[in-house]
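# Structure at a glance
Each chain, written out:
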Amino acid sequence: MSEVLNVEELFASKVFTFGKMKERLPKSVYKEVRQIMDQGGELSLAAADVVAKAMKDWAVENGATHYTHWFQPLTGITAEKHDAFVTHPDEDGKMIMEFSGKELIKGEPDASSFPSGGLRATFEARGYTAWDITSPAFLKEDATGVILCIPTAFCSYTGEALDKKTPLLRSMEAISQQALRIVRLFGNEGATKVVASVGPEQEYFLVDREKYLQREDLIFAGRTLFGAPAPKGQELEDHYFGTIRERVGAYMKDLNEQAGYWKKEMVTGQSMVSDSTKAIKSMKQEALKHHGMVDASKAAEKAMEAASKEIVGMLLNEAKDTVDEKLEETVEKAEETKEEKTEQEEEMKEAQAEQEKQAQEIEEELEKQKQTRERRSGVQAARSLPVEDLQDRQQKILENTRFILEEQNLLPEEIKGIMVDFNL
């Protein structure tokens, strides 16, 4: 029996695509991520935490136990440092798997021995990886297991590019800015970004491994440096669009199956198809034993069950959208209520200050009135004294003054002046 390869199901099955993000992320977070992808900007830490959790759950469901910031240093190959999702057990001894937004956005691998073109000394070499949000995360399976690979840019502490992705991203941004100038000349004012795409030329040469190992120019330079002169005419026209040899065809088949991975998936799919075929045959045999109405009733029940599941799924999606919308409305109302409360508190403070000012003015006015009444009462009391009492008091004051003058032994001239002043 020939193997069946379902390309539609296999394509991007191990990639965290927009479809998977839309299924797993809240509506507001998904909208923020898409906006940053299209227009640029910085993802909030709260949204990054949500994306990291969804990405971790999807990876764990597919058998991943580790994640890595996947980057392309100037060594000609990719580099990665694996970190486990496992953190520490909880109080009950149950394992906890965590992946935060901070770990998703930024990493700090050892960069001491990566090529840098003499930018810094080895002992000072610090390198940082930053999540490239425009490239989707994916799962890679090899001898170490399933790894969540997060595409990142790799740069130094001072911002110099230490990889091949950073210059690519910068050149894409420069091309977008200059292309927008041309777009504006054609009257398009709504475009915010121009995306450049590159289509690789699918033309290559297959070299036998034994012969490849004999050619040092292919090993060290990756190209032919010596050998027969290249044909410039039509000398090799019999090779052009020639028949594909079986050995080459077998190699291409293995390449398409991704070193056995697709083959495993096909075996699993074939097993499922076989099981489904057996189930269908048994159902047909059972159907022959029973009345047609019974079979129709069972088929109707299955159809109703399938329809119910589909309806439940639609209702869950609608409910999710409704909850997201209500949550956004609640947050907006809470912010408005907070602003109104702040305004009311400021008005109350102003009114309280005005009342305190008025109370202080009233107290000052009462104090002034009190002092005026006291002065008036003292004058009235003095005026109400009899004339005889006033004369007695004046006489006592004069006697005391004479006594003081005599005790102080003042000169006659001083005594005369004082006596004149006091009419003694």
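Residues numbered from 1 in each chain as written. Predicted model: local features only at pLDDT ≥ 70, side-chain atom pairs only at ≥ 80, totals over all residues. Heavy atoms only, no water.

### Some words on the pairing of strand E4 (residues 127–131)
In summary, the side chains of a regular strand alternate between the two faces of the sheet. The test is simple: Think of it in three bands: residues with accessible area under 20% of the maximum for their type are buried, residues over 50% are exposed, and the middle band is partly exposed, with areas taken using a 1.4 Å probe on protein chains only. Each helix is a run of H or I in the DSSP string that is no shorter than four residues. Each strand is a run of E no shorter than two, and both are numbered from the N terminus. At least two bridges found by DSSP between two strands are what make those strands a pair.
Across the five residues of E4, four count as buried, placing the element largely inside the fold. Pairing geometry for strand E3 (residues 106–107) and E4, over two bridges, is antiparallel. Bridging from a neighbouring strand, Lys106 pairs with Ala130 of E4. Pairing of E4 with strand E6 (residues 145–156) involves five bridges; the strand directions are antiparallel. Paired with Ala130 across the two strands is Ala153, which belongs to E6.

### Points about the pattern of salt bridges
Between side chains of opposite charge, pairing is possible as soon as their charged atoms come close. Going by this rule: The term salt bridge refers to a pairing of a side-chain nitrogen on Lys or Arg with a carboxyl oxygen on Asp or Glu at a separation within 4 Å.
Overall, the coordinates contain nine salt bridges when judged by the stated rule. A salt bridge links Arg24 to Glu61, with the nearest nitrogen and oxygen atoms 2.5 Å apart. In this pair, Arg24 is assigned in helix H2 (residues 18–24) and Glu61 in helix H4 (residues 45–61), connecting sequence segments 37 residues apart. According to the relative accessible area criterion, Glu61 is exposed, its value standing at 55%. Three or more residues are tied together by salt bridges with common partners; here these are Lys53, Lys56 and Asp57.

### Comments concerning the nonpolar core
Soluble globular proteins tend to bury their nonpolar side chains together. Test applied: Here, nonpolar core means buried Ala, Val, Leu, Ile, Met, Phe, Trp, Tyr and Cys residues that are tied together by side-chain atoms lying within 4.5 Å of each other. Any two residues having at least one pair of non-hydrogen atoms within 4.5 Å are treated as being in contact.
Within the largest apolar cluster, 29 residues are counted, with the highest numbers of intra-cluster contacts made by Val33, Val51, Met55, Leu104, Trp131, Leu148 and Ile150. Secondary-structure elements contributing two or more residues to this core are helix H3 (27–39), H4, strand E1 (64–70) and E6. Sequence-distant contacts of Met55, that is, excluding residues within four places in its chain, are made with Phe16, Leu104, Trp131, Ala137, Leu148 and Ile150.

That is the geometry; function is a separate question.
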